[in-house]
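# Reading the structure
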Amino acid sequence: MKLVALASALLCGTILLFGTAEFPDFGDPDSPAASHVSPRYIEEAMAETSAPNIVTAVLADYRGFDTLFETAVVFSAAMACFFLLRIFGEDERRPSEKLYRHLPTGITLRIDPGGKVPDSPEFERIDGIWIPHDVIVKTTTRLIIPFIQLFGLYVIAHGHHSPGGGFQGGVILGASVILYAISQNLRQALGRMGEAVSAVFCAAGVFIYAGAGALCLLMGANFLDYSGLAPLFGVDAIQARSLGILVVEIGVGLAVMSAMVWIYYNLASMGRHQEGL
Amino acid sequence: MSEFIDFFVGKYNYWAFILLMMIGLYAMIAKKNLAKKIIGMNIFQTAIILFYISTAAKGGGASIPIIAHGHGHGLSEHGARAADYINPLPHVLMLTAIVVSVATLGVALTLAVKVYHQYGTLEEDEIADRIRAQTGGEP
Amino acid sequence: MSGQLDMIILLFVIISGIGAITVRDLLGAAILFGAYSFLMCLLWAIMGAVDVAFTEASVGAGVSTVLFVAAVFRTTRRTKD
């Protein structure tokens, strides 16, 4: 089996290597990829959309259809994880035995099914796999998470002028929630951003994107041609395209953020949403 | 000999892409562990992304695709010259491909977790053994 | 200069890629895969694709490593090859 795999990989590689003899050299400014569509984008993007970052302009404006359905793919991947893994209700093989830690002394209590749950702020529920009481990690992440989220918002909003945009900012925002879930525990993270919230945000992101396109249709322009939104924003057509890119990036950021969080919740807890990583 | 060196240096990006693609393909075929197969699939994906990104590069002092002094100076009268900036189109295509690749990675890992829950192992041959034992000899 | 840096990073990319598929521990493979993604992101930053490098740094080296570690945590570290 290994020999067959090695032989087929080598054969495939050799055929491709012979093919590269016809390819343009690395960094050739006159290569076919650089001489047909892209000069039009580079020369006109700034004048037509008022977005200095050409990648953002092409991503959200010229090739908006492409990005709309990429966002839909992310949404449906999150839905697939939910439908495959999520199990509602209690685990019948391991009934709901709950572990609590008494914070002042560090003693761990085990409550059997049907037992009375201690109702006092001195008790903290912990996961079945014993985790040491870790003040430094909890406090440091608590301090750093607001700055991560602020940076994520900056990346979304400043995507016109610097590298960044909805995809990157959304992933950073999602990573901050995942960091919270890892450093505290899954139940606290679910308390901050629940499952229904992430599901609704994920769908709302795709809806904002598609809705912006449909609004353009209603205003008499083509689908996803943001210059039709100019009367709504009260600016000229070029500025309207710039603002339309921002609206779309916010939708993408929302969808990607909640998709990442949703996939993590289901994967880390095997769909039970009780004990995480 | 010098011709060969020119050929290698001029096209080293294709060599790297083909090497990484071969690593990914080998892992997808030969490794029996499902998680290793998923890693192989991701290496294959990044190899193809590397190929696209390297076709976008332009020599001769071309800058990154963000137009300098875009705002505050009005729209420049002469406009941007295409030779001054790297080709942005492959970047756009690959940017979305990366985000989709993490979504597909999530689905693939979900399926692997589900398979482990069902059969108690991630090894392909052991899974086949369990299925054979359950169905009474029929694979 | 940048050509030599390219070559060095490419070498590390290939080493960590081979390492990720040969190491006999899935948690180690996940971490090596994260290192592979981050080195790939450096390579793209050198090639001038700043947006793609940013995406790969946050997605490949960040979230996908976390997802992998979560999956290994829910399954097993053992692997035969």
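Note: the structure precedes this text.
Please read these numbers as outputs of a predicted model, since none were measured by experiment.

Basis of the calculations
Residues numbered from 1 in each chain as written. Chains lettered and ligands numbered in written order. Predicted model: local features only at pLDDT ≥ 70, side-chain atom pairs only at ≥ 80, totals over all residues. Heavy atoms only, no water. Helix = DSSP H or I, 4+ residues; strand = E, 2+ residues; numbered from the N terminus. Buried < 20%, exposed > 50% of the residue type's maximum accessible area, 1.4 Å probe, protein only. Contact = heavy atoms within 4.5 Å. Areas by Shrake-Rupley, 256 points an atom, 1.4 Å probe, with all protein chains shown as cover. Polar contact = N/O pair within 3.5 Å; in protein donor to acceptor, adjacent residues only side chain to side chain. Phe/Tyr/Trp six-rings, centres within 6.5 Å; stacked < 30°, edge-to-face > 60°. Lys NZ or Arg CZ within 6 Å of the ring centre and 35° of its normal. Patch = residues over 30% accessible without salt bridge, like charges linked within 9 Å, V, L, I, M, F, W, Y side chains within 5 Å. Salt bridge = Lys/Arg side-chain N within 4 Å of Asp/Glu carboxyl O. Pairing = 2+ DSSP bridges. Buried area = accessible area lost by both parts, 1.4 Å probe. Axes fitted to C-alpha atoms, helices over the stretch in contact; angles between N-to-C directions.

### Digging into the overall build of chain B
Across its full length, chain B holds five helices and zero strands. The 139 residues of chain B split such that 55% are buried. Counting only contacts in chain B whose residues sit at least 6 apart along the sequence, the fraction spanning at least 24 positions is 52%. Only carbon and sulfur atoms are counted for the fraction: they give 62% of the accessible area of chain B, which is about 6100 Å².

### Brief notes about the side chain of S38 of chain A
Among the structural elements, S38 of chain A can be located in helix α2 (residues 38-49). Judged by its relative accessible area of 1%, S38 of chain A falls in the buried class. Within the structure, the side chain of S38 of chain A is placed 3.0 Å from the side chain of N87 of chain B, a separation counted as a polar contact. Excluding anything up to four places from it in sequence, S38 of chain A contacts A33 of chain A together with N87 and P88 of chain B.

### Topic: the packing of aromatic side chains
Where two aromatic rings form a pair, the distance of their centres and the angle of their planes describe that pair. Counted by the stated rule, this structure contains 14 aromatic pairs over all chains. Ring centres 5.2 Å apart and planes at 35° place the aromatic pair F82 of chain A and W262 of chain A in the tilted group. Separated by 180 residues along the polypeptide, F82 of chain A in helix α4 (residues 64-85) and W262 of chain A in helix α10 (residues 237-268) bring together distant segments of the chain. Here the two residues F82 of chain A and W262 of chain A agree in accessibility, since each one is buried. Taken together, a centroid distance of 6.3 Å and an interplanar angle of 55° make the contact between F33 of chain C and F68 of chain C tilted. Here F33 of chain C, found in helix α2 (residues 26-47), pairs with F68 of chain C, found in helix α3 (residues 50-74); they are 35 residues apart in sequence, far enough to count as distant. For the pair F33 of chain C and F68 of chain C, one class covers both residues: buried. Connected via pairs of aromatic rings, a cluster forms that spans F23 of chain A together with Y14, F17, F51 and Y52 of chain B. It is R241 of chain A that lies over the ring of Y62 of chain A; its NZ or CZ is 5.7 Å from the centre.

### Examining a nonpolar patch on the surface
Residue and element names in this part refer to chain A. Side chains of L215, L218, M219, L232, F233 and V235 sit close together on the surface and give an oily, nonpolar patch of about 540 Å² of accessible area. At the level of elements, α8 (195-218) and α9 (230-233) are the ones that each hand at least two residues to the nonpolar patch. Here V235 shows up in the loop between α9 and α10. A relative accessible area of 32% places V235 in the partly exposed class.

### Some points on unusual backbone geometry
Residue and element names in this part refer to chain A. For S50, which is not glycine, the phi dihedral falls at a positive 60°. Looking at the element boundaries, S50 is found in the loop between α2 and α3 (54-62). Residue S50 is classed as buried on the basis of its relative accessible area of 7%. The backbone phi angle of L224 is positive, close to 65°, even though this residue is not glycine. Its location among the elements puts L224 in the loop between α8 and α9. Judged by relative accessible area, L224 falls into the buried class, the value being 5%.

### Quick notes on the pairing of strand β3 (residues 123-126) of chain A
Residues and elements named next belong to chain A. Burial of β3 is one-sided: the residues E124 and I126 facing one way are buried, the residues F123 and R125 facing the other way are not. Where strand β1 (residues 98-102) and β3 come together, four bridges link them in antiparallel fashion. Its bridge partner being in β3, R101 is matched across the sheet by E124.

### Describing the interface of chain A and chain B
Opposite the 60 residues of chain A that make contact, chain B presents 51 residues. Here chain A and chain B share an interface that buries about 5200 Å² over both sides, 78% of which is from carbon and sulfur atoms. Between the two partners, chain A and chain B, sit zero salt bridges. On the surface where chain A and chain B come into contact, there are seven residue pairs in polar contact (both at pLDDT 80 or more). Elements with a contribution of two residues or more to the side of chain A that touches chain B: α1 (2-20), α2, α3, α4, α6 (166-183) and α10 of chain A. Per-element tally for the side of chain A that touches chain B: the top contributor is α1 of chain A, with 11 residues.

### Details of the pattern of salt bridges
Opposite charge on two side chains allows them to pair when their charged atoms are near. Going through the model one piece at a time under the given rule, you end up with 10 salt bridges over all chains. We note a salt bridge from D61 of chain A to R241 of chain A, for which the minimum N-O separation is 2.8 Å. Residue D61 of chain A is located in helix α3, and its partner R241 of chain A is located in helix α10; the two are separated by 180 residues in the primary sequence. Judged by relative accessible area, R241 of chain A falls into the buried class, the value being 15%. Here E195 of chain A and R86 of chain A are joined by a salt bridge, their closest N and O atoms 2.9 Å apart. Of this pair, E195 of chain A sits in helix α8 while R86 of chain A sits in the loop between α4 and β1, placing them 109 residues apart in sequence. For the pair E195 of chain A and R86 of chain A, one class covers both residues: buried. Three or more residues joined by partner-sharing salt bridges are found here, namely D125 and E126 of chain B together with R78 and K80 of chain C.

### Some remarks on the sheet that holds β1 of chain A
Residue and element names in this part refer to chain A. Taking strand neighbours across the sheet as the criterion, the three strands line up as β2-β1-β3 in an open arrangement whose pairing is antiparallel. Each edge of the open sheet carries a strand with a single partner, namely β2 (107-111) and β3. Across the sheet, the axes of successive neighbouring strands diverge by a mean angle of 35°, strand direction being ignored. As defined by bridge partners, β1 adjoins β2 across five bridges and the pair is classed as antiparallel. The residue of β2 that forms the bridge with R101 is T108.

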